[in-house]
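# Geometric and topological summary
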Amino acid sequence: MFWSKPPPPSPSPAENANPAPPPPPPLPQTREEQADSELAALIAELDREHTENARATERNKRVPAANDDKTGLPTEMNCLTAFDEMFYCYSFGGQFLNIYRYGSFRDCSEKSADWRFCMKTKVRGEVARRAMILARNKEKAAKYKVGKSSEDVWNVRKEPVKDAFNGNFEDLRDTISG
């Protein structure tokens, strides 16, 4: 690595005949030297972990995904998108829009829970993460189906409207204003 010294040259066979005296015992390290050695050990450990994670990621890419996509629900989640949605919900613009449309502040706890959930899935393996996300999306879909919907306001027509824009609009205006 770039911060370590190159290994010393190997001794020639002639030098091996005369053994060197044993090295003197190491001197106590100064505070800076001790910090440098600890930093070097930490960097080596992080480098080793990074290599192991890269190998694990390559193995996971080769593992086929659990194909439970018959539901059509997503099995991937983007934490940046979840954070953006949560941030917008709590922002002035998001709250103003909700007050304008519905007359009250919006409860952003579900957006916040989505972002925390996404962060929790990042520490799982590929298969476990997909299963967790799919299960959560199934729960949310079930809650949406049971809860109130904007479709509850409208009545379904049995037959289409005929001649909706034909007629005497002057009479209609007089009827409405009269």
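First, a word on scope: everything that follows refers to the structure included in this document. (Residues numbered from 1 in each chain as written. Predicted model: local features only at pLDDT ≥ 70, side-chain atom pairs only at ≥ 80, totals over all residues. Heavy atoms only, no water.)

This brings us to the overall build of the protein. Of the regular secondary structure elements, the protein holds seven helices and zero strands. When the elements of the protein are put in sequence order from the N terminus, they spell out α-α-α-α-α-α-α. Looking at the protein residue by residue over its 178 residues, the buried ones come to 12%. Of all intrachain contacts in the protein linking residues separated by at least 6 positions in sequence, the fraction that spans at least 24 positions is 61%. Accessible area for the protein stands at about 16000 Å²; split by element, carbon and sulfur atoms hold 59% of it. (Helix = DSSP H or I, 4+ residues; strand = E, 2+ residues; numbered from the N terminus. Buried < 20%, exposed > 50% of the residue type's maximum accessible area, 1.4 Å probe, protein only. Contact = heavy atoms within 4.5 Å. Areas by Shrake-Rupley, 256 points an atom, 1.4 Å probe, with all protein chains shown as cover.)

Before going further, it helps to spend a moment on the side chain of Asn 137. If you trace the backbone, Asn 137 turns up in helix H6 (residues 126-146). Sequence-distant contacts of Asn 137, defined by excluding residues within four places in its chain, comprise Leu 73 and Pro 74.

This part is about the packing of helix H3 (residues 79-90) against helix H5 (residues 109-121). Orientation of H3 relative to H5, taken along the N-to-C sense of each, is 160°, at an axis distance of 9 Å. The pairing of H3 with H5 is recorded here as roughly antiparallel in orientation. In this structure, H3 meets H5 at a crossing whose hand is left-handed. For the pair H3 and H5, the contacting residues are Cys 79, Ala 82, Phe 83, Glu 85, Met 86, Cys 89 and Tyr 90 in the first and Ser 109, Lys 111, Ser 112, Asp 114, Trp 115, Cys 118 and Met 119 in the second. Broken down by class, the residue content of the contact of H3 with H5 amounts to nine nonpolar, two polar and three charged. (Axes fitted to C-alpha atoms, helices over the stretch in contact; angles between N-to-C directions. Parallel < 35°, antiparallel > 145°, perpendicular 65-115°, else oblique. Left-handed = near helix turned anticlockwise from the far one by under 90°. Nonpolar A, V, L, I, M, F, W, Y, C, P; charged D, E, K, R; others polar.)

Counting across every chain of the model gives eight salt bridges. Glu 52 is the salt-bridge partner of Arg 48, the closest N and O atoms lying 3.1 Å from each other. Residue Arg 48 and its partner Glu 52 are both found in helix H2 (residues 31-62); the two are separated by four residues, about one turn of the helix. Take Arg 48: its relative accessible area is 43%, and that puts it in the partly exposed class. Residue classification places Glu 52 among the partly exposed positions, given a relative accessible area of 39%. Glu 76 is the partner of Arg 130 in a salt bridge, and the nearest nitrogen-oxygen pair spans 3.3 Å. (Salt bridge = Lys/Arg side-chain N within 4 Å of Asp/Glu carboxyl O.)

Within the secondary structure, Thr 121 is located in helix H5. Given the relative accessible area of 1%, Thr 121 is considered buried. Thr 121 has contacts with Arg 129, Met 132 and Ile 133, leaving out every residue within four places of it along the chain.

Looking now at a nonpolar patch on the surface. Taken together, the side chains of Phe 165, Phe 169, Leu 172 and Ile 176 present a nonpolar region at the surface, about 510 Å² in accessible area. Turning to its location among the elements, Leu 172 is positioned in helix H7 (residues 169-177). Judged by its relative accessible area of 45%, Leu 172 is partly exposed. (Patch = residues over 30% accessible without salt bridge, like charges linked within 9 Å, V, L, I, M, F, W, Y side chains within 5 Å.)

Time to look at helix H4 (residues 92-102). Residues Gly 94, Gln 95 and Asn 98 constitute the buried set of H4. Down the axis of H4, the sector holding all buried residues measures 95°, keeping them to one side. Away from its buried face, by an angle of more than 90 degrees, H4 presents the exposed residues Phe 92, Phe 96 and Tyr 100. Next to the buried residues of H4 lie H3. One or two positions beyond H4, positive phi appears at Gly 103, with a value near 85°. (Arc of directions from axis to C-beta.)

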